[in-house]
Amino acid sequence: MSLFPANSGPTVRAVHDEFHGDLLEVSMGPQHPSTHGVFRMVVTLDGEQIVKLKPVFGYLHRNHEKIAENTSYLSSMPYTDRLDYLCSMTTNWAYALAVEKLSGQAVPDRAQYLRIIMAELTRLVNHSCLVGFLFNDLGTSFTPLLYAFREREKILDLFESLSGSRMMCNYQRFGGCRVDPSPEWLAAASALVDNFPRFLDEYETMLTGNEILLARTQGVGRLAAAHAINAGITGPVLRASGVDYDLRKVDGTGFYPRFEFRVPLGAHGDTYDRYMMRILEMRESVKILQQAFKTLPAGPIMDPKAKLRGFRPKAGEAYGRLESPKGELGFYLISDGSPNPWRYRVRPPSLINLTLLEEMCLGHTIADAVVILGSIDIVLGEVDR
Amino acid sequence: MSVVATDSFLERAPLLFRDWIVGHFPVALQWLVHHLLTITAILTVFGLFFAFTTIAERKLLARLQNRLGPNRSGLPWFRTLKLWGLTQPFADAIKAITKEDIVPAVADQVLHFLAPVVIVAFSLLGFAVLPFGRYLIPVELDAAILYFFAAGTATELAIFMAGWGSRNKYSLLAAMRALAQLISYELPLILSVVPVVLVTGTLSTRDIALAQGGWTWGVLPHWHVFTPWGFAGFLIFLVAALAESNRSPFDLPEAESELIAGHLTEYSGFKYALFFMAEYFGLTALSGLGITVFLGGWQAPCAFLEFIPSWLWFMGKLAGMIVFFIWIRGTLLRLRIDQLTRLAWQFLVPLALLNLGNAAFWALTSGWTGPLALARWAISAAIVIVPFFLLGRRLTAGYAPRTYRYAA
Amino acid sequence: MSFALLLIALVLLGSAAAAMLSRNLIHSALLLTGAWAGIAAFYLWAGAEFVAFAQVLVYVGAVSMVVLFAVLLTRQGATAAPVEFDSYKRVVGSIITAGGVGGVLLGAIFGTPLDVPAAPSPAALTVRQLGLQLMGPYAAALLIVGVILTVALLGAIVIAAVDKPEDPAP
Amino acid sequence: MLGSGILKGLGVTAKNFVGSYHDPARMVTQEYPDTPAKLPEAYRNFPFLVTENATDPMGTLRCVACQICEKECPPQCIYIEKSKDKKPDATGKPQLYPAVFAIDTAVCMSCQLCVEVCPFDAIKMDHVFEVAATNRFEGLLLNREQLAKPNEYFHQIRPTEAAEVDGRLTAERQAAAEKAKAAAAAKAAAPKPTTPVAGVADPGPASPRPATPKPAEGGTAP
Amino acid sequence: MSDHPHAFLALFLGVALAFPLLMLAVAWLWVRFFQPAKPGPRKNATYECGLESTGDSWIQFKAHYYLYAILFLIFDVEVLFLLPFAVAFTGLPGGALLAMLVFILLLVEGLVWAWHRGHLEWK
Amino acid sequence: MENLEQIRDRLLARFPAAQVAIVVNPGSAAEHSLLLDPASAPEIARFLRDDPMLQLDYCSNVTGVDWPEKEITDIVKKSVPDPAGGPDKVVEEKTKRLQPGYLEAVYHLYSMARKHGSVILRLRTGNRSDLVTLPSLTPVWRSADFQEREIFDLYGIVFAGHPDLRRLLMWDEFKDHPMRKDYVAPDDFEWEPTPHGDVHERAKAHYPAPPPAASTPTPEAKP
Amino acid sequence: MSDTPAPPPFTPFPAAGNISDAEREDLRRHGILLTSLEELYGWGRSNSIWPLQFGLACCAIEMIAAATARFDIARFGAEIFRPSPRQADLMIVSGTVTKKMAPQVVRLWNQMPEPKYCIAMGACAISGGPFKQGYNVLKGIDRFIPVDIYIPGCPPRPEALLHGLTQLQEKIRAERVSGPQAARHLQPDAASEFPVPDYGAHDLQPPSNPALFTAPVLPRKA
Amino acid sequence: MSMLQACLVLSSLLFCVGLAGALARSNTILVLLGIELMLNAANLNFIAFWRYGPHPGAGTGVIFVLFAIAVAAAEAAVGLALVIAVHRHRKSVRLQDANSLKG
Ligand code: SF4
Ligand code: SF4
Ligand code: SF4
């Protein structure tokens, strides 16, 4: 019963154009429930509609790069945990990857597998948390977030019993991994991974078809592929716009080419696609993990030539990058042959993914801005470093 | 309030108790005492009900989220006694009442002060006409339903006063949202009740509750919700009631993730608690109306359960409604303001108007029996369902779950 | 009973006068809402239950909203500066005029011999009776009101919203 | 149909609600102060210093004040001053010992690097996490006495690692002893007992919260 | 007053107003006797996510809200006539029903028109 | 993908006025880079982005590097005629010279369309004090937006042509460029119980020398 | 020390659990009525601590985790994280306070109504933690606002936060309503708002609030 | 003074307040509100006469008031819409400025 389908469009627009009041400039953040930390957006509103949005950074700028340039390569490893504090395993790995590239170290097979296992577990943690936070921004009373954290706790338990810490694993080393998981650990992890799709199914039953979710996210915050590429956006946000670019496939990082998995792609580049990318990637991660547990080889986990202390790569530079859950996480290192890196730079996916935030939010309402920000998945430790 | 002798003692116990107390006063004052006692009873019962609603909400929400919820508050002097955390609201009350009160320097001091008072006062007023039991109705009005809605209108003003008076950007945005939301949903709320008025031919809550007495075969109560038009009306009523009391998924004015605490951003101490209280009072009163109008009021669901006093039935249904609202809150996400108003004007209002016609049809065909009764049911159901589908399709046009492709 | 009337009158006149005097338009509007509520109280006191609630519903609930929106949309609430009275002369003049009219009215009230019944007529007008009368003898008026309302709706929206020549009025 | 997604969602939450009463997988709350936290063996919070002997913690610290951990600690929260003299360690060999060993737990990032780099297995990660304090200056800077914990405690909290460490240490010591014996056999004229000497310098248990460090162990005044 | 049927409502309103005021009075007494209020320019500054609030929030608002208010007002009045009609429905003659139908349709036409023109859309 | 030499040659052929040099990376990663002169950098960047063979549409990483002035000791071997008339003596002559410092911006380019990379661009400023302007590549790759702002903030390179060049991380009133190697952090070591190195030196300023009578000047000393 | 009954001499962290029952007993020797009032007052407030919804960095995630199903801070009645400081009782400074953020934190603290409490959660909030060497990192939030409980750790486990919360509850319960020992917020001359530092050219102006923060004298070798 | 007279006095006082307001204030909204008040004052009379008047008709007064409310509401809607329209053109709500509005 489409009442007057033809009518809408220009006349209606013209009517509404008359209705501009004063513009209201509101600062959202740094203390705001939905800016995922101490991010700040200065939003100019016309009614509820956003006509301008300026992000303000630096409220969590804790000088990671400067500190790293003043300490040894090894000492920076625990700092990378705190970079993207939801995914310490992948930041560890990305850093180890860059250092290994710099020094030309080899990594034993088992360690390569373990790295992939940890990275994919981290992806599960990150994506489930992100989805939970996204729903918080959408106005649920924490329920999806708490379900997500319930699953996260299980994975964190694994991390903790392996590496000693829930969040700050400090697990990778240059040339391998720190601890070798016991068979019991592997069994527990494998069982958890096998159970994970059940959680995903329940989650999707609960939310994916929800009409309010569809209405709130579909068509909101569209991002065109060409713009996304030009703005350097990576990770699920980019793939939601339909660009096939996953470093696990493109670079073939580590042993990823040995695994069978697919890269989901969105078509609309809107918030819903970004949400679904996460869900689908989690399902693919589960597949990778299942393969990894089946084929995990025995062997050492550290390159025997690697040394812990007194590590001095020869002069040169290297850029190592990894498909972290948030996008391309890169480390750019310049060594001058001393124990400390001369230049230590993190290429933060979260920061660069925010480049087009304003363009994505313009014309939407303040409620959408919050959701769009949530769907980009930032973590302030990485944005501001 | 006439007392019929055939009823059980329990049914009349509150009245007898009140009359017994009233009897101790001089005749000239008896009317006053009579009224005051009623009012005190309402305030006490619903004050406590509010307190336990908050703890119930926190605990049930917690259970919904696989956790325990508040369970350690206990009592001040017996620290080992935890009492399952049931004393939590009183701890909150003590905290709130001793908390410093901050009024922003630039705020409109008068409005900022008046808003919580007004909102509590007017959210209480609705209780005056709710029939809590067969004989427990604070005041019988001929136009009780109209009174109920009229009493609720001032809450909109209070929210506006709070938002505007705070002179905070978030509060202001919230105030405008609140106004738009409340005026949009007031209409479907009233319109959803009109069919019942039409069928029962009265605006008196007592008569409406009475009209739902009786059972088919002793188990199927004649509640309005069990008719097609009544069911549709009840659904509209539920949605509109949620929106009118600013509950999730319609909690836009105090949308935490967007507007901090909305119009409450600048309220601290007990004034904040008053708003909180008003929200629950409003919700409870609306639930009470919903029960009266659609869920048979104080009527028992089956004939053999009638021995339970009617006011217990009412309170039980009230608790059930509250639990339902908590459940909703624990599950759903928030609408956006444009979707919110669209839902009201382009879905609920037309449906409610159609439902009015449906009820008229129902009232006109009350004589149909036998197979005709079935036809009556079918037609009435069709009048509800077909527009529901069509309007719903229109509302969700363009939104659908998607399938995704994978990179080669 | 007259005590109640006195109370109502005080509240009513007080808030109405304050509304007219207030320099803050938002306060004015809210005070006026109070006055309308006072009028409703008067109706209630007089036994016109339905009208009283109708007054609250329409005035407190809806007209006040329209007024508030109008105030906000015309930037009246926006300025911290209070709304100034125009000129002293004008105020005095208007008070004199109003006083004159009031005097005339009062004179008429007290001058007219009214056939006052000893007791008020029993207020036995139920909503049902009201409805029957409304739909019966006053059905034509009802329809006229319906037309007025519809026209007002269209008109108000057209006036407030439509301002473009290319947007034809229906 | 409009509403079906919402109903499904309500169904899931209802399932969780009901499940929270009978299904342990859906009621995951651990009532912390009543049931203590379950800590895995690998859990690390702050470091402690291993002593061989519970009765004389200060005399038998494994730490030889080599200051490697101090150098490697990323946030530099370890402060060590070497002793001027040497004390016999658990195996009786005279060793330097830390005259001052302080860890600022207000800074420590629990990274475990100090543990990894310590060549003497002298520093290990503790499980204690209930360390909230009301005074930052008094409560959180741990000195040598507060850090020292006996090997038995280490065995308690991380049995596997402790056993492995002990095994390694005994092997080393045996090797050392063998070597010493060989040396002794070669140089028959120099008999030297290698029995452990316990509690040489500082008898008496260390108080958990000494007002001032004992003069004997204090650093030297400049 | 005692015999007035609506005395209860007046009393109820009075008590309902007194109830929050009483609570606030208790809170005020606590402040008065135990806990000195400590206002200050920084504490009583407007909150804006931890920043200093700039610009006034009392601004002119977007006019679209007004259309909702008008719609609401008109339909509120409609409801006013709808209620007595609904109450009396069962006893009404056919002509009255027709009159009412016309009345409702008139207003529905307004709604449809507003819908058609896009005024029911929030923008 | 072409190798770096081919790219350079193509660039030089296409932009005769440009100066393009290859900077060799001696490390094991062997990621060599192209050093561009600032004047022609935007054109070259645009060419690299749009060239159908390269299609470097994705600028991943933009970073600054500080190279402070360095003392370089050149050792020149000279044969000096022996005044005594013997054979020429080879003398090592050490000349110290100051290599002027400069700031550098490094761009890591990839192609999403062709899935290859990386090509690394370097731009260098004239010195570290006044000639710190480089052309902004944000108009070419939007992803450089925040990153160039960050470099401006932390290194002080001014990117000409950047649409919105403000400090990114530090507050606007901040005067320094903290990632430069010669930056000295503000001195706030009032309470530094476990200081090391230069922190120790600076912390000392906040702590009085222990009174001579103090017998236990340890960090554990309680206040 | 939760899972292992370690012998008392080895218990470090002297400040943990600092309010003893004896002290509490001592506190109630002044009048039955006042005591009852105090008890009620303390009970009410200690069971209704609403934190400010405010996270700074990694520790904030553990703070959120403390509110999730496994740990469930709701059991203490403290799950109502209020986004507006006007309704909050407790500010959990969870994470690194940068100099850019410090004025905002102080402003938020100022805007909270009394009685208000502050927990510094994690190494960063206490002292700058691992990032204390950074130029933009504030070395402890107690330079600008008074901190009641310090919870070291990086990040502290959620249980550690719960432990800190119980410590805070104890502290609140022990507060007196009147007399010279009255709680801070009840004393008429105790400050309730603190100066907000300005952004300077090189550092915050002033870098700390001297009225609040005086580091103890720490004698050092010259 | 009989009840009826008291009511009538109240109503005329209210009328005067509205009139004074409408005349004294130059703000169009306030003028409209004053008129609104005067309308209400008239309604008071209807009710008063219905209740205490000499010829208590069967609900005529009440029904009249209902109609009056409806008309007043319509008036308010249109009037305020006009104010808004004028404001959009003249950026003013002063009555004098509205005088020049043509068409
Ligand atoms: S703990 Fe280990 S590394 Fe540190 S000083 Fe002692 S022996 Fe050396
Ligand atoms: S755990 Fe890390 S931060 Fe802590 S003392 Fe050891 S090395 Fe330092
Ligand atoms: S203390 Fe550690 S975990 Fe907490 S904010 Fe600081 S770095 Fe992150």
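Residues numbered from 1 in each chain as written. Chains lettered and ligands numbered in written order. Predicted model: local features only at pLDDT ≥ 70, side-chain atom pairs only at ≥ 80, totals over all residues. Heavy atoms only, no water.

Before going further, it helps to spend a moment on the overall build of chain A. When its secondary structure is counted, chain A shows 16 helices and nine strands. For 385 residues, the compact-globule formula gives about 21 Å, and the C-alpha radius of gyration of chain A, at 22 Å, lands near that figure. Seen through its principal axes, chain A has C-alpha atoms that stretch 75 × 45 × 35 Å. Taken across its 385 residues, chain A has 76% of its residues classed as buried. In chain A, once contacts between residues fewer than 6 apart in sequence are set aside, the share between residues at least 24 apart is 72%. Carbon and sulfur atoms make up 55% of the accessible area of chain A, which totals about 9,100 Å². (Helix = DSSP H or I, 4+ residues; strand = E, 2+ residues; numbered from the N terminus. Rg over C-alpha atoms; globule rule 2.2 N^0.38 Å. Buried < 20%, exposed > 50% of the residue type's maximum accessible area, 1.4 Å probe, protein only. Contact = heavy atoms within 4.5 Å. Areas by Shrake-Rupley, 256 points an atom, 1.4 Å probe, with all protein chains shown as cover.)

What follows concerns the packing of helix α6 (residues 169-200) of chain B against helix α10 (residues 269-294) of chain B. Residues and elements named next belong to chain B. Between α6 and α10, the shortest axis-to-axis distance is 10 Å and the interhelical angle comes to 25 degrees. Looking at the two axes, α6 sits roughly parallel to α10. As for how α6 packs across α10, the hand of that crossing is left-handed. Contacts from Leu189, Ser192, Val193 and Val196 in α6 reach Leu286, Val293 and Phe294 in α10. (Axes fitted to C-alpha atoms, helices over the stretch in contact; angles between N-to-C directions. Parallel < 35°, antiparallel > 145°, perpendicular 65-115°, else oblique. Left-handed = near helix turned anticlockwise from the far one by under 90°.)

Turning to the sheet that holds strand β6 (residues 148-150) of chain D, a few remarks are in order. Sheet strands pair by backbone hydrogen bonding; their relative direction is either parallel or antiparallel. Residue and element names in this part refer to chain D. On the basis of which strands lie adjacent, the open sheet formed by three strands has the order β4-β1-β6 and mixed pairing. Two strands in the sheet have a free side with no partner beyond their single neighbour: β4 (123-125) and β6. Neighbouring strand axes in the sheet, compared pairwise and without regard to direction, differ in orientation by 50 degrees on average. Pairing analysis gives three bridges linking strand β1 (residues 47-51) to β6, with the strands arranged parallel. Opposite Thr51, over in β6, you have Pro150 as the bridge partner. (Pairing = 2+ DSSP bridges.)

Now for the sheet that holds strand β1 (residues 23-28) of chain A. Residues and elements named next belong to chain A. Spatial strand order, β1-β2-β3: three strands in an open sheet with antiparallel pairing. Every other strand in the sheet has two partners, leaving β1 and β3 (49-56) as the edge strands with one partner each. Ignoring strand direction, the axes of neighbouring strands in this sheet form an average angle of 20 degrees. Sheet topology note: the β1/strand β2 (residues 40-46) ladder contains six bridges and is antiparallel. Each bridged residue has a counterpart across the sheet, and for Val26 the counterpart in β2 is Val43.

This structure, assessed with the given rule, holds 84 salt bridges over all chains. Across the pair A:Arg321 and A:Glu328 runs a salt bridge, and its minimum N-O distance is 2.9 Å. A single burial state applies to A:Arg321 and to A:Glu328, both of which are buried. One salt bridge connects D:Arg62 with D:Glu52, and the closest N-O pair in it is separated by 2.8 Å. In this pair, D:Arg62 sits in the loop between β1 and α2 (68-72) while D:Glu52 sits in the loop between β1 and α2, placing the two residues ten residues apart along the sequence. With a relative accessible area of 8%, D:Arg62 lands in the buried category. Each of A:Glu65, A:Glu69, A:Arg343, A:Arg345, A:Arg385, F:Glu150 and F:Lys181 takes part in one network of salt bridges that share partners. (Salt bridge = Lys/Arg side-chain N within 4 Å of Asp/Glu carboxyl O.)

Next up on the list: the side chain of A:Lys326. Position of A:Lys326 among the secondary structure elements: in the loop between β7 (316-324) and β8 (327-335). Since its relative accessible area comes to 1%, A:Lys326 is described here as buried.

Quick look at the packing of aromatic side chains now. Scanning the model with the defined rule gives 67 aromatic pairs over all chains in all. An angle of 85 degrees between the planes, with centres 6.3 Å apart, marks the rings of B:Tyr272 and G:Trp50 as edge-to-face. Note that B:Tyr272 is positioned in helix α10 and G:Trp50 in the loop between α2 (32-46) and α3 (58-67), a pairing that runs across two chains. Taken individually, B:Tyr272 and G:Trp50 each receive the classification buried, so the pair is uniform in this respect. With centroids separated by 5.6 Å and ring planes inclined at 75 degrees, the aromatic side chains of D:Phe48 and D:Tyr153 adopt a geometry described as edge-to-face. (Phe/Tyr/Trp six-rings, centres within 6.5 Å; stacked < 30°, edge-to-face > 60°.)

A separate point is the site of ligand 3. All names here are of chain G. The local shell around ligand 3 holds 16 residues, among which Cys58, Cys59, Ala123, Cys124 and Cys154 are the closest. When residues of the shell around ligand 3 are traced back to their parent elements, those giving at least two are α3 and α5 (122-127). For the shell around ligand 3, the element with the highest residue contribution is α5, accounting for three residues. Considering only residue class, the shell around ligand 3 consists of ten nonpolar, four polar and two charged. (Near = heavy atom within 4 Å. Nonpolar A, V, L, I, M, F, W, Y, C, P; charged D, E, K, R; others polar.)

Let's shift gears to the domain arrangement of chain A. Residues and elements named next belong to chain A. Considered domain by domain, chain A is made up of domain 1 (3-56) and domain 2 (64-384). A C-alpha centroid distance of 32 Å is found between domain 1 and domain 2. Contacts between the two partners involve 16 residues from domain 1 and, on the opposite side, 17 residues from domain 2. Between domain 1 and domain 2, a total of about 1,600 Å² is buried, with carbon and sulfur atoms accounting for 70% of that surface. On the domain 1 side of the contact with domain 2, His36, Phe39 and Ile50 bury the most area, a combined 39% of that side's loss. (Domains from an automatic or database assignment. Buried area = accessible area lost by both parts, 1.4 Å probe.)

Here we come to the interface of chain H and chain C. Think of interface size as the accessible area that goes away when the parts come together; that is how it is often given. Contacts between chain H and chain C engage 72 residues on the former and 76 residues on the latter. For the pair chain H and chain C, the summed buried surface comes to about 6,500 Å²; carbon and sulfur atoms form 77% of the total. Viewed at the interface, chain C and chain H are joined by two residue pairs in polar contact (both at pLDDT 80 or more). Secondary structure elements with two or more residues in the side of chain H that touches chain C: α1 (3-24), α2 (28-52), α3 (60-90) and α4 (95-99) of chain H. By residue number, the principal contributor to the side of chain H that touches chain C is α3(H), which donates 24 residues. Grouping the constituent residues of the side of chain H that touches chain C by class yields 52 nonpolar, 15 polar and five charged. (Polar contact = N/O pair within 3.5 Å; in protein donor to acceptor, adjacent residues only side chain to side chain.)

What follows covers the interface of chain E and chain H. In this complex, chain E contributes seven residues to the contact, which on the side of chain H involves eleven residues. In total, about 770 Å² of surface goes out of reach between chain E and chain H, with carbon and sulfur atoms giving 86% of it. Taken together, chain E and chain H are joined by zero salt bridges. Taken together, the connections running from chain E to chain H amount to zero residue pairs in polar contact (both at pLDDT 80 or more). Tallied by class, residues from the side of chain E that touches chain H come to six nonpolar, one polar and no charged.

Once that is clear, we can look at unusual backbone geometry. Each neighbour pair has its own omega, and for G:Glu114 with G:Pro115 the value is -10 degrees, a cis peptide bond. Within the fold, G:Pro115 resides in the loop between α4 (102-111) and β2 (117-121). A cis amide bond links G:Gln205 to the next residue, G:Pro206, at an omega of -10 degrees. Topologically, G:Pro206 is positioned in the segment after β5 (204-205). Look at A:Asn170: it is not a glycine, yet its phi comes out positive at around 50 degrees. Mapped onto the elements, A:Asn170 comes out in the loop between α6 (143-163) and β4 (172-173). The class of A:Asn170 is buried, set by a relative accessible area of 0%. Positive phi, normally seen in glycine, also occurs at F:Lys115, with a value near 55 degrees. By secondary structure assignment, the location of F:Lys115 is in the loop between β6 (102-111) and β7 (116-124). For F:Lys115, a relative accessible area of 35% corresponds to the partly exposed category.

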